[in-house]
Amino acid sequence: MSDKKWFVVALLYESVHNGEPKQVDENYENTTKTYEESHILVKAESSENASLLGKKLGEEAEHDYKNQYEETVCWKLVKVLDVFELMDEELKTGTEVYSRFILVPRESGTQDVLKKFFQE
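Notes on the structure in this doc start here. (Residues numbered from 1 in each chain as written. Predicted model: local features only at pLDDT ≥ 70, side-chain atom pairs only at ≥ 80, totals over all residues. Heavy atoms only, no water.)

1. Some details on the nonpolar core
- Judged by nonpolar contacts, Phe-7, Val-9, Leu-11, Tyr-13, Val-42, Ala-44, Ala-50, Val-73, Trp-75 and Leu-77 together constitute the single largest core of 10 residues.
- For this core, the element with the highest residue contribution is strand β1 (residues 5–18), accounting for four residues.
- Those residues in contact with Val-73 that lie beyond four places of it in its chain are Ser-15, Val-16, His-17, His-63, Asp-64, Tyr-65 and Asn-67.
- Judged by nonpolar contacts, the second largest core, of five residues, contains Ala-10, Phe-84, Leu-86 and Tyr-98. (Core = buried A, V, L, I, M, F, W, Y, C linked by side-chain atoms within 4.5 Å. Buried < 20%, exposed > 50% of the residue type's maximum accessible area, 1.4 Å probe, protein only. Helix = DSSP H or I, 4+ residues; strand = E, 2+ residues; numbered from the N terminus. Contact = heavy atoms within 4.5 Å.)

2. Here's the deal with the packing of aromatic side chains
- The final tally for this structure, using the stated rule, is two aromatic pairs.
- Judged by centre distance (4.9 Å) and plane angle (80°), the ring pair of Tyr-28 and Tyr-69 falls under edge-to-face. Pair noted here: Tyr-28 is in the loop between β1 and β2 (34–44) and Tyr-69 is in the loop between β3 (63–66) and β4 (72–85), with a separation of 41 residues, a long-range link.
- Ring geometry for Phe-84 against Tyr-98: centres 5.9 Å apart, planes inclined by 65°, an arrangement best described as edge-to-face. Within this pair, whereas Phe-84 is found in strand β4, its partner Tyr-98 is found in the loop between β4 and α2 (110–118), the two being separated by 14 residues in sequence.
- Residue classification places Phe-84 among the buried positions, given a relative accessible area of 16%.
- Overall, the relative accessible area of 18% leaves Tyr-98 in the buried class. (Phe/Tyr/Trp six-rings, centres within 6.5 Å; stacked < 30°, edge-to-face > 60°.)

3. Section: unusual backbone geometry
- Phi angles above zero are rare outside glycine, and Gln-23 is one such case at about 50°.
- Note that Gln-23 resides in the loop between β1 and β2.

Okay, structure coming up:
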């Protein structure tokens, strides 16, 4: 039996709204779509197994509910974005649980990256 390792699986969810809103107020806004990037820990023998387990858990986390405007909000898994093996043998304060490289054109500056990827 092989040893299992810790992985972080990055998942992308989409929020889909169905139905007509009732009693719209000043806070109602329907000009944007909402996505969630979620990072979950899984223990698996390989990154491939971690991806499959992450997808399974992501699908199990899909859910629907009625919002305050009586629309049905459906959170659906779009895809597994990334799988990241944790290199530390022990989970503790300061353990890096996820990182990614961001590739941009050479002429891009830090402010361009912040604006594009982090809405600053």
